[in-house]
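Residue strings, one per chain:
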Amino acid sequence: MNRQAAPLTDSTPTCRIRRRRASDLDACVEVLAAVHADDGYPVNWPEQPGDWLTQPSLLAAWVAALDGHVVGHIALTRSGPDDAAPALWSLREGTSVEDTAVISRLFVSPAARGHGIGARLMASAVREAEERALHPVLDVLASDTPAAALYERLGWSRLGSVDQRWSPTRTVTVHCYAAPG
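Residues numbered from 1 in each chain as written. Predicted model: local features only at pLDDT ≥ 70, side-chain atom pairs only at ≥ 80, totals over all residues. Heavy atoms only, no water.

Draft legend 1. Region of the structure containing the side chain of Arg18. Tracing the backbone through its elements, the reader meets Arg18 in strand 1 (residues 15–19). Of the polar contacts made by the side chain of Arg18, one reaches the side chain of Asp24; its length is 2.7 Å. (Helix = DSSP H or I, 4+ residues; strand = E, 2+ residues; numbered from the N terminus. Polar contact = N/O pair within 3.5 Å; in protein donor to acceptor, adjacent residues only side chain to side chain.)

And the structure:
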């Protein structure tokens, strides 16, 4: 669902991007549930959403908070064997997949969209990847055109598209992107 964001005014709450704390997980799951209800992300609702946000390959995670209330999330992870974007980037650049970091679990509350929160979360994850001498990559469902538009506005380049089998009866197409530089 597309929502028009309220114009920024002097009374607009202050957005702060900070490292995610363990105490943020319940609020992150609540926001994720709202995003899932509104947008269908994630496509397959995880049995343990808190665990889904704290995957073992996690390097770091951040939240966006408006007046102290969590309204967004992003994670930076090591690449896994099923991640297509690191493989495409390393093939293009002639490097190892270990030279990449995957941006994942990006979501912003439907009620808080339109104020650049997603871009600010992305900037935090990209900065961390660069500080670790890793090149940020990601993948996105081909059907998620608003997310792809955000990445392209931020200068990310599409590496290609691949089909992934998410279950015995479901195959999805994802677009793989790499950060500029």
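Draft legend 2. Region of interest: the environment of Val108. Mapped onto the elements of the fold, Val108 is located in strand 4 (residues 100–108). Along the backbone, Val108 and Ser23 are 85 residues apart, and their C-alpha atoms lie at a distance of 18 Å.

Draft legend 3. Representation of the sheet that holds strand 1 in the model. One open sheet holds the 7 strands; their spatial order is 1-2-3-4-5-7-6, and the pairing between them is mixed. Every other strand in the sheet has two partners, leaving strand 1 and strand 6 (157–167) as the edge strands with one partner each. The sheet shows a mean angle of 25 degrees between the axes of neighbouring strands, direction not considered. Pairing of strand 4 with strand 5 (residues 135–141), which is carried by 3 bridges, proceeds in the parallel orientation. Bridge pairing links Ala101 to Pro136 in strand 5. Contacts from helix 4 (residues 117–131) reach strand 1, strand 2 (58–66), strand 3 (69–77), strand 4 and strand 5 within the one sheet, and its direction differs from that of strand 4 by about 160 degrees. Sheet contacts for helix 5 (residues 145–153): strand 4, strand 5, strand 6 and strand 7 (170–178); angle to strand 5, the most-contacted strand, approximately 155 degrees. (Pairing = 2+ DSSP bridges. Axes fitted to C-alpha atoms, helices over the stretch in contact; angles between N-to-C directions. Contact = heavy atoms within 4.5 Å.)

Draft legend 4. Highlighting unusual backbone geometry. Across the junction of Tyr41 and Pro42, the peptide omega takes the value -5 degrees, indicating a cis bond. Tracing the backbone through its elements, the reader meets Pro42 in the loop between helix 1 (25–39) and helix 2 (49–53). If you check the backbone angles, Arg105 has positive phi at about 55 degrees while not being a glycine. Even without being a glycine, Ala133 presents a positive backbone phi close to 60 degrees.

Draft legend 5. Layout of the packing of aromatic side chains. This model, assessed by the stated rule, comprises 3 aromatic pairs. Ring centres of Tyr41 and Trp52 lie 6.0 Å apart, and the angle between their planes is 65 degrees; this geometry places the pair in the edge-to-face category. Here Trp52 lies in helix 2 and Tyr41 lies in the loop between helix 1 and helix 2, a separation of 11 residues in the sequence. Among the aromatic side chains, those forming a connected cluster through ring pairs are Tyr151, Trp156 and Tyr177. Sitting over the face of the ring of Trp52, Arg105 holds its NZ or CZ atom 3.9 Å from the ring centroid. (Phe/Tyr/Trp six-rings, centres within 6.5 Å; stacked < 30°, edge-to-face > 60°. Lys NZ or Arg CZ within 6 Å of the ring centre and 35° of its normal.)

Draft legend 6. Helix 5, seen in detail. Residues of helix 5 that are buried include every one of Ala147, Ala148, Leu150 and Tyr151, and no others. Taken end-on, helix 5 shows its buried residues confined to a sector of 155 degrees, consistent with a single buried face. Set apart from the buried face of helix 5 by more than 90 degrees, the exposed residues are Thr145, Pro146 and Arg153. In this structure, the buried side of helix 5 is in contact with strand 4, helix 4, strand 5 and strand 7. (Buried < 20%, exposed > 50% of the residue type's maximum accessible area, 1.4 Å probe, protein only. Arc of directions from axis to C-beta.)

Draft legend 7. Inspection of the pattern of salt bridges at higher detail. Here the structure, examined in full by the defined rule, presents 6 salt bridges. For Glu128, the salt bridge goes to Arg132, with nearest N and O atoms at 2.8 Å. What makes Arg132 partly exposed here is its relative accessible area of 37%. We note a salt bridge from Glu152 to Arg158, for which the minimum N-O separation is 3.8 Å. Given the relative accessible area of 41%, Glu152 is considered partly exposed. (Salt bridge = Lys/Arg side-chain N within 4 Å of Asp/Glu carboxyl O.)

Take it as geometry only, folks, not as evidence of what the structure does.
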